[in-house]
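Listed below are the residues making up each chain.
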Amino acid sequence: PPPSTGAAAPAQVMASTPGQPPASPPGRSLVELLGGAAFTGFEGGLLAIAILSLLGTIILSPLLWLLLMGGLIWGQSRRLIERSEMIAIAGGTLLLVWLAPWLNRVALGQLLGPGLPSLLLVAIAGALIAVVVTTLFRLIYLILSRVV
């Protein structure tokens, strides 16, 4: 074989030094995490109203709700649902539940009053609850990750 006249191939740069653990893949920022939780809670409230209005309180209603919530969370975890899609989905669901009388027959009228304000109250309450629960789980995770 002919002698090598070129320079040696550059060595690959290691991602981490031997004393440090390898860098973890980039995750979601806290704002993205809490925004996703708010979206899921908002949708959860609206979907609960729609499903209960359509199916009543039979055993199928909570199972369908859980299936839809799992799909939303899965879509967010795979980054199939991003910020612009979240806004479009939330707005579309709100309009659909508000404008379709068969999707908002649940007894909100007796408790909260009829119409858009009661739908928004339930959806925003769901969003706030989801943000609080997500924040608590994140806090517990951070505490345990420092201890263990």
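Residues numbered from 1 in each chain as written. Predicted model: local features only at pLDDT ≥ 70, side-chain atom pairs only at ≥ 80, totals over all residues. Heavy atoms only, no water.

1. Focus on unusual backbone geometry
The phi dihedral of Arg79 falls on the positive side, at around 60°, and the residue is not glycine. Mapping Arg79 onto the fold places it in the loop between α2 (60-77) and α3 (83-99). (Helix = DSSP H or I, 4+ residues; strand = E, 2+ residues; numbered from the N terminus.)

2. So, a nonpolar patch on the surface
A contiguous nonpolar patch, built from Leu54, Leu55, Ile58, Ile59, Leu60, Leu63, Leu64, Leu66, Leu67, Leu68 and Trp102 and spanning about 1,100 Å² of accessible area, is present on the exposed surface. Looking at the nonpolar patch element by element, the count peaks at six residues for α2. Position of Leu54 among the secondary structure elements: in helix α1 (residues 30-55). Looking at Leu54, the relative accessible area reads 49%, which means it is partly exposed. (Patch = residues over 30% accessible without salt bridge, like charges linked within 9 Å, V, L, I, M, F, W, Y side chains within 5 Å. Areas by Shrake-Rupley, 256 points an atom, 1.4 Å probe, with all protein chains shown as cover. Salt bridge = Lys/Arg side-chain N within 4 Å of Asp/Glu carboxyl O. Buried < 20%, exposed > 50% of the residue type's maximum accessible area, 1.4 Å probe, protein only.)

3. Quick notes on the side chain of Thr40
Mapped onto the fold, Thr40 is located in helix α1. With relative accessibility at 14%, the residue Thr40 sits in the buried group. Here Gly36 takes part through its backbone oxygen, which lies 2.9 Å from a polar atom of the side chain of Thr40. If we skip the residues at most four places from it in the chain, Thr40 touches Met69, Ile73 and Gln76. (Polar contact = N/O pair within 3.5 Å; in protein donor to acceptor, adjacent residues only side chain to side chain. Contact = heavy atoms within 4.5 Å.)

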